[in-house]
Amino acid sequence: MQNSSDSNNEQNTSAKYAESVYTEWTQKEQGGLRKLQESYIPLYERTQRFRKYMPDIIPGFFQTPAYANSLLATITEFRGIPNEVEPAAEARVRRSRIIHQKDRTFEIVLEESVLRYRMGNNETMAEQFEHLLTMSSLPHVSLGVIPSSAPRSMWPVEGFSIYDDTLVQSELLAAEINIEAPAEIATYIKAFDRLQELAVHGDEARAVITSAIEALD
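The structure contained in this document is the topic of the report that follows. What you see is a predicted model, and the numbers here were worked out from it, not measured in a lab.

### Thoughts on the overall build of the protein
Scanning the protein for helices and strands turns up nine helices and seven strands. Here the C-alpha radius of gyration of the protein, 19 Å, is about what a compact globule of 217 residues would show, namely 17 Å. In terms of principal-axis extent, the alpha carbons of the protein reach across some 70 × 40 × 35 Å. Here the protein holds 217 residues, and the buried ones make up 46% of them. Across the protein, contacts joining residues at least 24 apart in sequence account for 78% of those joining residues at least 6 apart. On the protein, roughly 11600 Å² of surface is accessible, and the fraction owed to carbon and sulfur atoms is 52%. For the protein, the centre of its 21 positive side-chain charges and the centre of its 32 negative side-chain charges are spaced 3 Å apart.

### Structural notes on the sheet that holds strand β3 (residues 105–111)
On the basis of which strands lie adjacent, the open sheet formed by seven strands has the order β1-β7-β6-β5-β2-β3-β4 and mixed pairing. The open sheet has two edge strands, β1 (22–24) and β4 (141–146), and neither has a second partner. Taking each pair of neighbouring strands and ignoring which way they run, the sheet shows an average axis angle of 15°. Helix α8 (residues 182–198) contacts β2 (49–54), β3, β4, β5 (160–163), β6 (167–171) and β7 (175–179) of the sheet and is inclined by roughly 110° relative to β5.

### Overview of the packing of helix α5 (residues 65–79) against helix α7 (residues 122–136)
Closest axis-to-axis distance for the α5/α7 pair is 8 Å, and the angle between their directions is 125°. As the angle between them shows, α5 and α7 are arranged oblique. Of the two possible hands of crossing, α5 and α7 adopt the one that is left-handed. Between α5 and α7, the contacting residues are Ala66, Tyr67 and Ser70 on the first element and Thr124, Met125, Glu127 and Gln128 on the second. Its residues assigned to classes, the contact of α5 with α7 comprises three nonpolar, three polar and one charged.

### Examining the pairing of β2
In terms of residue burial, β2 counts as a mostly covered element, since five of its six residues are buried. Inspection of the sheet shows β2 paired to β3 by six bridges, in the parallel sense. Bridge pairing in β3 links Phe50 to Phe106.

### Describing the environment of Ile57
Along the chain, Ile57 turns up in the loop between β2 and α5. Linking Ile57 and Lys102, residues 45 residues apart in sequence, is a C-alpha distance of 24 Å. Discounting residues that sit within four places of it in the chain, Ile57 has contacts with Gln63, Tyr67, Leu71 and Val114.

### So, the pattern of salt bridges
As enumerated under the stated definition, the model contains 10 salt bridges in all. With a shortest N-O distance of 3.8 Å, Arg104 and Asp103 are connected by a salt bridge. With relative accessibility at 7%, the residue Arg104 sits in the buried group. Overlapping salt bridges, with partners in common, bring together Arg34, Glu38 and Arg94 in one network.

Thresholds applied
Residues numbered from 1 in each chain as written. Predicted model: local features only at pLDDT ≥ 70, side-chain atom pairs only at ≥ 80, totals over all residues. Heavy atoms only, no water. Helix = DSSP H or I, 4+ residues; strand = E, 2+ residues; numbered from the N terminus. Rg over C-alpha atoms; globule rule 2.2 N^0.38 Å. Buried < 20%, exposed > 50% of the residue type's maximum accessible area, 1.4 Å probe, protein only. Contact = heavy atoms within 4.5 Å. Areas by Shrake-Rupley, 256 points an atom, 1.4 Å probe, with all protein chains shown as cover. Lys, Arg positive; Asp, Glu negative; His and termini not counted. Charge placed at Lys NZ, Arg CZ, Asp CG, Glu CD. Pairing = 2+ DSSP bridges. Axes fitted to C-alpha atoms, helices over the stretch in contact; angles between N-to-C directions. Parallel < 35°, antiparallel > 145°, perpendicular 65-115°, else oblique. Left-handed = near helix turned anticlockwise from the far one by under 90°. Nonpolar A, V, L, I, M, F, W, Y, C, P; charged D, E, K, R; others polar. Salt bridge = Lys/Arg side-chain N within 4 Å of Asp/Glu carboxyl O.

Have a look at this one:
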């Protein structure tokens, strides 16, 4: 029979695990948006293989300054936090320069809906899509787009990032989730592989992006 001390230890361990996995944005943003952007740099620097699935926004790796400004301004207003939009956007763009390091690989899968959501005016979106086309041509970058018309063998899920095979991060409305348990990471890798199979790549992906540019007119 388990004694009360053992039970309390298990509860404390579970509580600490939950805290490490689930971190509210109010806690992460206490030092300001700029510092939050910079806090990811050590993780980026030690990662060799990046995998990211996005159903809603352009990934940070690909964001232009104008798009990042529009997105962070919306986040700032919604959460009612101090306005650090410009320095935070600059920090986000600086940390994203890691995508130009050819000793790493980047596999990105977007839902076509990402290209249809307006985060800024037409000029901002057109510049963002042109930048996306440029980034997709990098030899160490794989960009896939899942067409809205594609028959689904995997449903759209929350956006997530896989860093090597050791960490998964997912951003929820109220919190960031960090997953290090191997079995759970394996589930996300399985989902990513299936989503990647649904996506078009190369010229077909660029054609979808080009159609989004044309739709701005």
